[in-house]
Amino acid sequence: MSHNCAYVRRHYQVPAEIGRRVIAYGKPGVILADRGHYIGVVLEEDPKKRISNYHPTHECSTAKWRRRCL
């Protein structure tokens, strides 16, 4: 999908967008993909830089959303 997380922003009311830094399960990462109901995040600690799906309200607390990095 290439809607820059519009569904997630609208449905879950979180500031998700490609390039935004987030904390997922306590680990810092960056949103690199719109995955419909999920966001595709690459964790900073992942040496292979794989995109993993995270639910925007279960695994990424809105209190832990960070500023855009791109």
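Our structure's up above, just so we're on the same page.
Computed from a prediction, not measured in an experiment: that's the story for all the values here.

A.B. asks: Is there a simple way to think about the packing of aromatic side chains in this case?
C.D. replies: By the definition in use, this model includes 2 aromatic pairs. Ring centres 6.3 Å apart and planes at 85° place the aromatic pair Tyr7 and Tyr12 in the edge-to-face group. Taking the relative accessible area as the measure of exposure, Tyr7 reaches 30% and is therefore partly exposed. Seen from their ring centres, Tyr25 and Tyr54 are 6.3 Å apart, and the 65° between their planes marks the pair as edge-to-face. Pair noted here: Tyr25 is in the loop between β1 (21-24) and β2 (27-35) and Tyr54 is in strand β4 (residues 52-54), with a separation of 29 residues, a long-range link. Given the relative accessible area of 56%, Tyr25 is considered exposed.

A.B. asks: Any chance you could explain the environment of Gly29 here in plain terms?
C.D. replies: Within the fold, Gly29 resides in strand β2. The exposure class assigned to Gly29 is buried, which follows from its relative accessible area of 0%. Once the C-alpha coordinates of Gly29 and Gly40 are considered, the two residues, 11 residues apart in sequence, prove to be 9.9 Å apart.

A.B. asks: Is there a simple way to think about the pattern of salt bridges in this case?
C.D. replies: When the charged atoms of two side chains with opposite charge come close together, those side chains can pair. Summed over the entire model, instances satisfying the criterion amount to 4 salt bridges. In this structure, Arg21 engages Glu44 in a salt bridge whose closest nitrogen and oxygen atoms are separated by 2.3 Å. With Arg21 in strand β1 and Glu44 in the loop between β3 (38-43) and β4, the pair connects residues that are 23 residues apart, well separated along the chain. With a shortest N-O distance of 3.2 Å, Asp46 and Arg50 are connected by a salt bridge.

Procedures and definitions
Residues numbered from 1 in each chain as written. Predicted model: local features only at pLDDT ≥ 70, side-chain atom pairs only at ≥ 80, totals over all residues. Heavy atoms only, no water. Phe/Tyr/Trp six-rings, centres within 6.5 Å; stacked < 30°, edge-to-face > 60°. Buried < 20%, exposed > 50% of the residue type's maximum accessible area, 1.4 Å probe, protein only. Helix = DSSP H or I, 4+ residues; strand = E, 2+ residues; numbered from the N terminus. Salt bridge = Lys/Arg side-chain N within 4 Å of Asp/Glu carboxyl O.

What is shown is where atoms sit, not what they do.
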